[in-house]
Protein chains: 2
Amino acid sequence: MGMWERNRNVQSSEPVTLKTLAHELGLNVSTVSRVLNDPLGPGSRWASQKTNEKIFALARDKGYSRNPYAASLRTAKSNMVGVIVPRLQDYVLATIYEGIDEAATAHGLFTVVANSLDVAANQRVKAEMLLDRRADGLIFGDAHLNEPYLDELKKRGTPYTLVSRSSEGHISVTCDDHAGGRLIAEHFIATGRGTFGVIAGDSNTSTSRDRTAGFLAALGENGIAVPDEWIIHGGFDATAGQMAAKQILQSRQIPEGIFAVNDFAAIGALGVLQKVGMRLPDDIALAGYNDTPLAEAVNLTSVRSPLHEMGSLGLETVLGLMAGHDVDSRKLEPTLVVRASG
Amino acid sequence: MGMWERNRNVQSSEPVTLKTLAHELGLNVSTVSRVLNDPLGPGSRWASQKTNEKIFALARDKGYSRNPYAASLRTAKSNMVGVIVPRLQDYVLATIYEGIDEAATAHGLFTVVANSLDVAANQRVKAEMLLDRRADGLIFGDAHLNEPYLDELKKRGTPYTLVSRSSEGHISVTCDDHAGGRLIAEHFIATGRGTFGVIAGDSNTSTSRDRTAGFLAALGENGIAVPDEWIIHGGFDATAGQMAAKQILQSRQIPEGIFAVNDFAAIGALGVLQKVGMRLPDDIALAGYNDTPLAEAVNLTSVRSPLHEMGSLGLETVLGLMAGHDVDSRKLEPTLVVRASG
DNA sequence: ACGTATGCCGCAATCGTTTGCTTAGGTCTC
DNA sequence: GAGACCTAAGCAAACGATTGCGGCATACGT
């Protein structure tokens, strides 16, 4: 056991509180509280050196741990930030959440996460649930375009920020999805392709919109247009990718490259393409987005976004808001990861 | 807005508490508290019908929401259960956690999750952190064999349960991994293979041990032995799978089938096998475990375990423990999912 | 020697709920 | 008509920590 390890094995059925400590030391709880809370630790100037040490020693011996509920009640701060994600099963959001939680822990906060399953109504329900738990701040990973709930929150003055997806008028930490789309387009062009399809995801999200727009913009600058029937919206998962790929394959012609705005959708498409006997990258090129471990596993070209960092920056952002600072949105840089698929 | 939607837009900077309501109604806070908490809702017998209705109406109008910290302080219950997983990025654990959280929400509890990165020391640190937050119970998804911390917890009388992995002497909710291993072995044998390798994962976990043991046992019953150098331990991720596959390929002979106890490891192996030009299932059969979406995406034979259910049962289990009931470990049934890989 | 600063610490109110114990009036029973 | 029993509430003491406001020493400056 480390030197500072609290002694949990103490048999006293009575929980040890400040009062316990104070009484045992012949001090007042206020003194004990101040010393224990002083950022200077045992160097606190709230009591004499000797008293400080005795307080810390006893606290350790008796396994004292502050009752966070009593503290939160008094201070009206929970030190908790709520996080709402579409789905934790999704590698991308799980990674972002890990970044959030790591940063939160580093700042002495804790997080509570909830799945919204990417439906707007749930977003509101889950957020209110978190607010009922007195979350000091909120982080949304499931922002939809034109969702009034966020405006409502803003009006109420609740500190919150978006991650992964942005929305006009709200502070967010995202990756530059427009640039990411461009990266793929430029790579496709550089490797000699000329006709393209897009598996564009949920059109109601900024990630779908921006990645697609960036891709199309870069193509446009090179004089390439993509026919509407080759821009297919749907979900972000493998099933959506399969359906989109099948739809594209039904055209008279087949594009030379397909950009799926999400790795999972790309994997779904990949399965379909392989099943009809197409070989990548010779018959067709395929690219995904987010550089998940799957992408590496199946040798899929993708765009890497700094997910973990996005999470920790998101936490710092909402922290700034909670402290009443002015903070700006952040946009991180994506990088291209070329693999065998195209 | 629904009829029961609280009015959050109320401009009063003052938070609305029981006192606010009681004062406005000319009642005592105790009455208001009892009525609002009564499971019978407005049918409560703590006050007259008329009073009940007025209380509920005012609470709704003023957007009252109970301060959980005050309540927890008084009742010494947090209604929170802590969950410790190796890593939320892992689809398997993320899914189990979803099951846990869903059940928790249904029971009016909430959960806080922490990553241990599958290192035993972190498990202790994270668990103690959760206990400091006054978790009423704990769920571990990262149990290692012979880990003394769990015994310690048991001695302290903390309600906890394991999910996904088991450990001797501790209550757990798992899938029957031994049976799962058998399923693959029997399938391999039925499809005519005779020599096998195992990518066995972290030997310090029950999942690794039991899946491998089940596989080997079924083979043994059919007179098939697996040489030690074809049983390769390591991690559960794609990298570990790659390394293991490379090691197996270095043998003079090559097995006719490989069982990876985890889909991610299987995917890693798959990439290596494909890179050296082997075709599945003709040249070699490959099977994974857990039936993740990846398995479906790459057409990998796998074993499906009811992950979501494992999570919700885990929550119910710890709930039972918290209520002081006697509860038993549960073992769920796996099912075989045959796909093109073998 | 006297005012003042500083070190060290205590008092007591407060946060919002919960809950055991009363109370006050009414109804019912025998 | 007295005791028993409801109904519909109120009183007040917790729960454990935080914090503004003092207070009593001792030291220090002049």
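On to the domain arrangement of chain A, then. Residues and elements named next belong to chain A. Here chain A is partitioned into domain 1 (4–73), domain 2 (79–175 + 307–332) and domain 3 (177–304). For domain 2 and domain 3, the distance between their C-alpha centres works out to 28 Å. With eleven residues of domain 2 at the contact, the number on the domain 3 side is 14 residues. The contact between domain 2 and domain 3 buries some 1100 Å² in all, and 53% of this surface belongs to carbon and sulfur atoms. On the domain 2 side of the interface with domain 3, the three residues burying the most area are Y91, L145 and C175, jointly 47% of the side's total. The tally of links between domain 2 and domain 3 comes to three residue pairs in polar contact (both at pLDDT 80 or more). Grouping the constituent residues of the side of domain 2 that touches domain 3 by class yields six nonpolar, three polar and two charged.

Inspection of the region around DNA strand C gives 27 residues, with T31(A), L18(B), R34(B), Y64(B) and R74(B) positioned closest. Sugar and phosphate atoms represent 59% of those atoms of DNA strand C found within 4 Å of the protein. At a separation of 2.7 Å, a phosphate oxygen of DNA strand C approaches a polar backbone atom of S48(A). T51(A) is positioned with one of its side-chain polar atoms (N or O) 3.0 Å from a phosphate oxygen of DNA strand C. At the level of secondary structure, the elements contributing two or more residues to the surface near DNA strand C comprise α2 (29–37) and α4 (68–75) of chain A together with α2 (29–37) and α4 (68–75) of chain B. Grouping the constituent residues of the surface near DNA strand C by class yields nine nonpolar, 13 polar and five charged.

This part is about the protein's contact with DNA strand D. Taken together, 26 residues form the shell around DNA strand D, and within it L18(A), Y64(A), R74(A), N28(B) and R34(B) come nearest. A share of 58% is what sugar and phosphate atoms reach among the atoms of DNA strand D within 4 Å of the protein. In the model, a phosphate oxygen of DNA strand D is placed 3.3 Å from a nitrogen or oxygen of the G26(B) main chain. Within the backbone of R74(B), a nitrogen or oxygen atom sits 3.4 Å from a base oxygen of DNA strand D. At the level of secondary structure, the elements contributing two or more residues to the surface near DNA strand D comprise α2 and α4 of chain A together with α2 and α4 of chain B.

Before going further, it helps to spend a moment on the interface of chain A and chain B. Between chain A and chain B, the residue contacts involve 47 residues of the former and 47 residues of the latter. Buried surface at the junction of chain A and chain B, both sides included, amounts to about 4200 Å², of which 51% is carbon and sulfur. Here chain A and chain B share two salt bridges between them. Residue R87(B) pairs with E98(A) through a salt bridge whose shortest N-O separation is 2.6 Å. In this structure, the connection of chain A to chain B is made through 16 residue pairs in polar contact (both at pLDDT 80 or more). Elements supplying a minimum of two residues to the side of chain A that touches chain B: α4, α5 (91–106), β2 (110–115), α6 (120–132), α7 (148–156), α11 (263–275) and α12 (293–297) of chain A. Here the side of chain A that touches chain B takes seven residues from α5(A), the largest share from any one element. Here the side of chain A that touches chain B is composed, by residue class, of 18 nonpolar, 13 polar and 16 charged.

For the rest of this paragraph, the subject is helix α9 (residues 206–221) of chain A. Here α9(A) spans 22 Å end to end across 16 residues, near enough to the 22 Å set by a 1.5 Å rise per residue. Phi for G223(A), located one or two positions after α9(A), is positive at around 75°.

Residues and elements named next belong to chain A. In the structure shown here, the tally under the stated rule is 26 salt bridges over all chains. The salt bridge involving R339 is made with D291; its shortest N-O contact spans 2.9 Å. One end of the pair, R339, is in the segment after β12 (335–337); the other, D291, is in the loop between β9 (285–287) and α12, with 48 residues separating them in the sequence. Note on accessibility: R339 and D291 belong to one class, buried.

Before going further, it helps to spend a moment on the sheet that holds strand β6 (residues 196–201) of chain B. All names here are of chain B. Read from one edge to the other, the open sheet built from four strands follows the order β7-β6-β8-β9, with strand pairing classed as parallel. Of all strands in the sheet, those bounded by a partner on one side alone are β7 (231–233) and β9 (285–287). When the angles between neighbouring strand axes are averaged without regard to direction, this sheet yields 15°. Where β6 and β7 come together, three bridges link them in parallel fashion. When the bridges of β7 are listed, I199 appears paired with I232. Running over the sheet, helix α11 (residues 263–275) touches β6, β8 (257–260) and β9 and is turned about 155° from β9.

For residues other than glycine, phi is negative in most cases, and the peptide bonds are mostly trans. Residues and elements named next belong to chain A. With an omega of 0°, the peptide bond between L280 and P281 qualifies as cis. Counting through the fold element by element, P281 comes out in the loop between α11 and β9. Even without glycine at this site, L117 takes up a positive phi of about 55°. By the element assignment, L117 lies in the loop between β2 and α6. Despite not being glycine, D118 shows a phi value in the positive range, around 65°. By the secondary structure assignment, D118 is in the loop between β2 and α6.

Residue and element names in this part refer to chain B. The alternating pattern of strand β3 (residues 137–140) places G137 and I139 on one face and L138 and F140 on the opposite face, and all of these are buried. As paired strands, β3 and strand β4 (residues 160–163) are joined by three bridges and run parallel to one another. Directly across from I139, in β4, lies its bridge partner T161. In terms of handedness, the path from β3 via helix α7 (residues 148–156) over to β4 forms a crossover that is right-handed.

Rules used throughout
Residues numbered from 1 in each chain as written. Chains lettered and ligands numbered in written order. Predicted model: local features only at pLDDT ≥ 70, side-chain atom pairs only at ≥ 80, totals over all residues. Heavy atoms only, no water. Domains from an automatic or database assignment. Contact = heavy atoms within 4.5 Å. Buried area = accessible area lost by both parts, 1.4 Å probe. Polar contact = N/O pair within 3.5 Å; in protein donor to acceptor, adjacent residues only side chain to side chain. Nonpolar A, V, L, I, M, F, W, Y, C, P; charged D, E, K, R; others polar. Near = heavy atom within 4 Å. Helix = DSSP H or I, 4+ residues; strand = E, 2+ residues; numbered from the N terminus. Salt bridge = Lys/Arg side-chain N within 4 Å of Asp/Glu carboxyl O. Expected span 1.5 Å × (residues − 1). Buried < 20%, exposed > 50% of the residue type's maximum accessible area, 1.4 Å probe, protein only. Pairing = 2+ DSSP bridges. Axes fitted to C-alpha atoms, helices over the stretch in contact; angles between N-to-C directions. Right-handed = clockwise from strand over helix to strand, strands pointing away.

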